[in-house]
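Notes for the structure review
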Amino acid sequence: MWFTMLPVVAFATVVYGIPCEEARMKCMYRVGCGKALQNYMVGCSLVLQESAIDYCPKVCEYSLIALVSTEEGKALMECECSDPYCQHEKERTEICKPSVIKTINEPVVACRIAQRICNANAACATAFDYYQRNCKAMFHGKKCTPKCHNSISILRRQEKAQQLKMCTCDGKEDYDCPKIQRNMEKLCFHKAHHRYNATTPTVNVHSEQTPEVIRTSSSECLRVSLIVLFVSLLLLRTR
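A brief structural summary. (Residues numbered from 1 in each chain as written. Predicted model: local features only at pLDDT ≥ 70, side-chain atom pairs only at ≥ 80, totals over all residues. Heavy atoms only, no water.)

Let us look at the packing of helix α8 (residues 111-119) against helix α9 (residues 122-134). Running from amino to carboxyl end, α8 crosses α9 at an angle of 120°, the nearest separation of the two axes being 6 Å. In terms of orientation, α8 lies oblique with respect to α9. Taken together, the residues of α9 that come into contact with α8 (itself represented by Q115, C118 and N119) are C124, A125 and F128. For the contact of α8 with α9, the per-class residue count stands at four nonpolar, two polar and no charged. (Axes fitted to C-alpha atoms, helices over the stretch in contact; angles between N-to-C directions. Helix = DSSP H or I, 4+ residues; strand = E, 2+ residues; numbered from the N terminus. Parallel < 35°, antiparallel > 145°, perpendicular 65-115°, else oblique. Contact = heavy atoms within 4.5 Å. Nonpolar A, V, L, I, M, F, W, Y, C, P; charged D, E, K, R; others polar.)

Structure follows, in structure tokens:
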């Protein structure tokens with residue numbers, strides 16, 4: 001019964017595709033899409049109820065984004081309903097369409113969304129799991145082990161993990177997102193982390209120190225010239 005609600009991801013499109021029941025079954029039997037489907041059913045439960053709310057909760061929006069990021073999810077966007085209930089469910093999620101489309105088109109997304117997109121893909125989800133298991137020391141700011149560095153490299157090569165590279169922490173994660181990003185850049189890539197230090201002035205060593213070096217050198221030269229001139233005058237007097 002739950003799976004009859006899935007065709008809502010079509011956002012009431014007029015494009016005809018495969019029957020929604022067939023699209024649902026294909027999604028169910030794929031690890032990534034099946035997981036995204038379960039998250040969608042839970043996250044969008046309030047939207048799908050008869051006495052539903054008149055807005056799209058973030059959890060529903062994020063679940064839909066993850067679902068339609070899969071190939072099977074894309075097929076669900078074009079599936080053809082065979083009963084009024086299916087069509088009603090499509091219409092219910094129209095309320096989420098603007099926010100979902102807006103978020104999908106953004107070049108940088110929240111890390112929570114990027115993680116959902118990765119976990120909706122079987123290969124990316126496996127790579128992300130290895131990363132979580134092998135990088136615990138890095139998470140705590142201790143060290144980036146060879147296994148952790150290798151796990152990050154594998155994860156970054158996954159097509160569905162591309163948005164994880166530049167995702168932003170929105171403060172709503174259930175983990176210390178900024179700290180993990182700082183630790184990764186410092187311990188694994190030996191870079192200074194600036195993304196979360198926007199209010200801290202960045203000191204440009206060259207621009208700050210070079211003028212002082214020039215001023216010091218000029219003063220020193222002037223002092224030496226005066227000494228040479230003074231000595232020359234003394235020599236002239238003694239002649």
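This next bit is on the pattern of salt bridges. Taken as a whole and judged by the stated rule, the model has eight salt bridges. The salt bridge partner of R30 is E72, with a shortest N-O separation of 2.9 Å. Taken together, the positions of R30 in the loop between α1 (20-28) and α2 (31-43) and E72 in helix α5 (residues 71-77) put the pair 42 residues apart, joining distant regions of the chain. Residue class for R30 comes out partly exposed when judged on its relative accessible area of 48%. Residue E71 is joined to K74 by a salt bridge in which the shortest nitrogen-to-oxygen separation is 3.4 Å. (Salt bridge = Lys/Arg side-chain N within 4 Å of Asp/Glu carboxyl O. Buried < 20%, exposed > 50% of the residue type's maximum accessible area, 1.4 Å probe, protein only.)

Geometrically, a pair of aromatic rings is defined through the distance of the ring centres and the angle of the planes. Enumeration according to the criterion identifies two aromatic pairs in this entry. Here the aromatic rings of F128 and Y131 are separated by 5.5 Å at their centres, their planes lie at 50°, and the arrangement is tilted. One end of the pair is F128 and the other is Y131, both in helix α9 and three residues apart, which spans about a single turn. We note that F128, like Y131, is buried. The interplanar angle of 75° and the centroid separation of 5.4 Å between the aromatic rings of Y131 and F139 together place this pair among those described as edge-to-face. Accessibility expressed as a relative area gives 8% for Y131, which makes it buried. Feature note: the residues F128, Y131 and F139 constitute an aromatic cluster, connected by ring pairs. (Phe/Tyr/Trp six-rings, centres within 6.5 Å; stacked < 30°, edge-to-face > 60°.)

With that settled, consider the layout of surface pockets. There is about 580 Å³ of room inside the largest pocket. Y131, L164, I180, Q181 and M184 are the residues nearest the centre of the largest pocket, which is lined by 23 residues in total. Counting residues per element, the ones that place at least two in the lining of the largest pocket are α8, α9, α11 (146-156), α12 (162-165) and α13 (177-188). Looking at which element gives the most residues to the lining of the largest pocket, the answer is α13, with five residues. Of the residues in the lining of the largest pocket, the class split is 15 nonpolar, three polar and five charged. Empty space within the second largest pocket amounts to approximately 270 Å³. In this structure, the second largest pocket is lined by 16 residues; those nearest its centre are N39, R112, Q115, R116 and N119. (1 Å grid on protein atoms, 1.4 Å probe; cavity = no way out; pocket = protein on both sides within 12 Å on 5 of 7 lines; lining within 4 Å. Points joined across faces, edges and corners; volume = space filled by probe spheres on them.)

In short, shape yes, function no, at least from these values alone.
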